Amino acid sequence: MHINYFKQKNILIIGASYGIGEALATNLANLGANLFLRARSKDKIEELARSLDGNHFSQICDVTKKVQVTELLKIVKANFKKIDIIIFAAGIYEPMSLENYNQNKAHNILNVNFSSMLNFLDFFKQEAKENNLSQISIISSSAAYFGMPNSLIYGASKAALSHLTESLYHELMNFNVKVQLINPGFVKTRLTDKNDFNMPNLITADKAAKIIIKALTKTKFEISFPYLFILMMKLFKFLPFKFRALLLNKMVSKK
């Protein structure tokens, strides 16, 4: 990793109060970055900003509400004339199948994990055109690779986000903005604590953050980890559908 890559870089982290977002904030502050932290939890995000080395900003914002996002971005611009990196880490998770399907929860998952990103697109376009944005990194999930049991809505929301991120890559390359897609496997957070099944190759949020930070300095589009789990997922992805479905159903039936 280039030690000075993040020194004095202006970085906006969307979804910084818990999990990978919080771990990224802690590690990036230690590397000398200037952070603007956004989350829905006012007390948590303010406490995090105060606890970090350096002079950082925080702002409460519900990214599903366009008015609040617009206000957030105005405040960000007032403090950072140029944004070097935007990390989109906002996300929620709920294990869901047809058996426990809840439409209100389903809409909330889609709104937070995918639709909220739409509230930032005009800003991305404007900042890219004015050369005020250098890099966007969006955290999706390896659950986006294919449909799985108990991932009825979460997987769909992340698949849409991954698709959008790849399209952004093509759109923003014309303005020399680096776009990266982050696809973690299982990371121990308050969200994955909801799972009642074995999570192979589970890693801590801090380890995930360190992997991501190292990859942010590189030009690779997809950042996916841990290696063995992602290798297995990608092998599954390229199997003919009926074989993949058979294997997945056998795995589920063993629970």
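See the structure above.
Residues numbered from 1 in each chain as written. Predicted model: local features only at pLDDT ≥ 70, side-chain atom pairs only at ≥ 80, totals over all residues. Heavy atoms only, no water.

**Some points on the packing of aromatic side chains**
For the coordinates displayed, the defined rule picks out ten aromatic pairs. Taking the centre distance of 5.9 Å and the plane angle of 80° together, the rings of Phe88 and Phe120 count as edge-to-face. With Phe88 in strand β4 (residues 83-88) and Phe120 in the loop between α4 (103-118) and α5 (121-129), the pair connects residues that are 32 residues apart, well separated along the chain. When the centroid spacing of 6.2 Å and the interplanar angle of 25° are considered together, the rings of Phe120 and Phe124 count as stacked. Considered together, Phe120 and Phe124 belong to a single accessibility category, that of buried residues. The rings of Phe36, Phe57 and Phe80 are connected pair by pair, giving a single aromatic cluster. The ring of Tyr5 carries Lys9 above its face, with NZ or CZ at 3.9 Å from the centroid. Directly above the aromatic system of Phe243 lies the positively charged group of Lys242, at a separation of 5.6 Å from the ring centroid. (Phe/Tyr/Trp six-rings, centres within 6.5 Å; stacked < 30°, edge-to-face > 60°. Helix = DSSP H or I, 4+ residues; strand = E, 2+ residues; numbered from the N terminus. Buried < 20%, exposed > 50% of the residue type's maximum accessible area, 1.4 Å probe, protein only. Lys NZ or Arg CZ within 6 Å of the ring centre and 35° of its normal.)

**Focus on the packing of helix α1 (residues 19-30) against helix α7 (residues 205-216)**
Closest axis-to-axis distance for the α1/α7 pair is 8 Å, and the angle between their directions is 60°. By the angle between their axes, α1 is oblique relative to α7. As for the relative orientation of α1 and α7, their crossing is right-handed in sense. Contacts between α1 and α7 involve Gly19, Ile20, Ala23, Leu24, Asn27 and Leu28 on the former and, on the latter, Ala205, Asp206, Ala208, Ala209, Lys210, Ile212 and Ile213. Per-class residue counts for the contact of α1 with α7 are nine nonpolar, two polar and two charged. (Axes fitted to C-alpha atoms, helices over the stretch in contact; angles between N-to-C directions. Parallel < 35°, antiparallel > 145°, perpendicular 65-115°, else oblique. Left-handed = near helix turned anticlockwise from the far one by under 90°. Contact = heavy atoms within 4.5 Å. Nonpolar A, V, L, I, M, F, W, Y, C, P; charged D, E, K, R; others polar.)

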